[in-house]
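# Reading the structure
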Amino acid sequence: MKQQTVQLIEIPKSLDQLSKAELERKACIGKIMTYTLSSLTNTFVKKGFQWLLPVALSQSTDPLWPDPGASIEKRIEVDIYGKPVRTTASMIIHKLIAASTAYPKLFILSPNIRIEKAERAKTGKHIYEFTQLDFGTTDATSKAVFSLVEDAVCTLVKDLKRDMKEELTALCRCDTLKVPKTPFKIYDREDLEAKYGSDWEAGVAQEITEPVWVTNIPREFYDFEDAKTGKWDNYDLFMPQFGEVLSGAKREYEYMKILTKIERDQVKKENYSLVLKMAKEGRLKPTAGGGIGMERLVGWIAGVKHIAECQPFPRVPGTVHEL
Ligand code: AMP
Ligand code: MG
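Residues numbered from 1 in each chain as written. Chains lettered and ligands numbered in written order. Predicted model: local features only at pLDDT ≥ 70, side-chain atom pairs only at ≥ 80, totals over all residues. Heavy atoms only, no water.

Turning our attention to the side chain of Glu309. By the secondary structure assignment, Glu309 is in the segment after α10 (294-302). Taking the relative accessible area as the measure of exposure, Glu309 reaches 18% and is therefore buried. Among the polar contacts made by the side chain of Glu309, one reaches the side chain of Arg25 at a distance of 2.8 Å. Not counting the four nearest positions on each side in its chain, Glu309 is found in contact with Pro12, Arg25, Lys26, Ile29 and Val304. (Helix = DSSP H or I, 4+ residues; strand = E, 2+ residues; numbered from the N terminus. Buried < 20%, exposed > 50% of the residue type's maximum accessible area, 1.4 Å probe, protein only. Polar contact = N/O pair within 3.5 Å; in protein donor to acceptor, adjacent residues only side chain to side chain. Contact = heavy atoms within 4.5 Å.)

Next comes the structure, spelled out in structure tokens:
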């Protein structure tokens, strides 16, 4: 994203500061959010996924490392009952255990707390609390996830265009929001890097006119890495003129691979003892899944400049409101 464009983004205000017209716009985006939550959860439930409620405090949470996209200013850790717990950065570890045991197909609307660096306020794509529609399945191939998500997104857009005409018109998205064509194209991150350099994410988002998958992105230990080819069996979903709305992967489940990667990344082993134990006992199943950032998905649909516009109580990095 060009620096000049970035600086023009207006930071979303709190509800009490909005004019009448701005409140009307807020209400429109709120209706699109409600519709989107209803449509996506309905799709997952209809496909046999169980809906789990989220947790906020655990000993084990996402290390968010070494994802080159991560920019965490502070990690929140408190003691309860004499034990250190962290606020949920994502429920990835919970998903691995839950899908391997009682919930082979699951999803969670999971509040994630990530205290992003304050400078990220101007990207328009980062907030310090957001909600993921986080899902996992023992139907463990990337292809299965691609068709699941493509179906969910296309159903959503098609139905929105039928039922939310007034709101989409008010947001100037009635004509520009198109039902995507399936299957979505798949790009390899290495090819994009060769074409656009290190800023390939901005490059691809500008270029595409349809949603696309990008695969093979080096990141955290739990994403599956093919030991022979060195390729990562993971993926991001990019929306045209917007960027990433989902990250996911086939997941690691073998003890030695997980242990080696945790050590390689210099992540604290003691925070992942349960997942290591389950893997060692052969109780971790092959799974795949992903997390859809709800404010980003709705931000793309509504055509917002800043995704905090999709939050009733904006969580803009660097700004703390009373609510
Ligand atoms: P991740 O696995 O870290 O990429 O997170 C999954 C999804 O959550 C991303 O694809 C985004 O849609 C969303 N997400 C991640 N970080 C943020 C953030 N700081 N603000 C808003 N959404 C985010
Ligand atoms: Mg990501």
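Next up on the list: the packing of aromatic side chains. Under the counting rule described, the total for this entry stands at 11 aromatic pairs. Ring centres of Phe44 and Phe49 lie 5.1 Å apart, and the angle between their planes is 85°; on these two criteria the pair is classed as edge-to-face. Arranged with centres 5.9 Å apart and planes meeting at 50°, the rings of Trp200 and Phe238 form a pair that is tilted. Remark: Phe238 occurs in strand β11 (residues 234-239) and Trp200 occurs in helix α7 (residues 200-207); sequence separation between them is 38 residues. Between Lys125 and the ring centre of Phe242, over which it is positioned, the NZ or CZ distance is 4.6 Å. Between Lys257 and the ring centre of Phe224, over which it is positioned, the NZ or CZ distance is 3.8 Å. (Phe/Tyr/Trp six-rings, centres within 6.5 Å; stacked < 30°, edge-to-face > 60°. Lys NZ or Arg CZ within 6 Å of the ring centre and 35° of its normal.)

A few words now on the coordination of the magnesium ion (ligand 2). For a metal with four tetrahedral donors the ideal donor-metal-donor angle is 109.5 degrees, whereas six octahedral donors ideally subtend 90 or 180 degrees. Bound to the magnesium ion (ligand 2) on the protein side are Glu244 (OE) and Ser247 (OG), at distances that span 2.2 to 2.3 Å. Residue class for Ser247 comes out partly exposed when judged on its relative accessible area of 25%. (Donors = N, O, S within 2.8 Å, 3.2 Å for Na, K, Ca; no water.)

Let's shift gears to the sheet that holds strand β5 (residues 83-87). One open sheet accounts for 3 strands, arranged β2-β5-β4; its pairing is antiparallel. Edge positions in the sheet fall to β2 (57-58) and β4 (77-80), since each of these pairs with one other strand and no more. Pairing between β2 and β5: 2 bridges, direction antiparallel. Looking across to β5, one finds that Ser58 is bridged to Arg86. (Pairing = 2+ DSSP bridges.)

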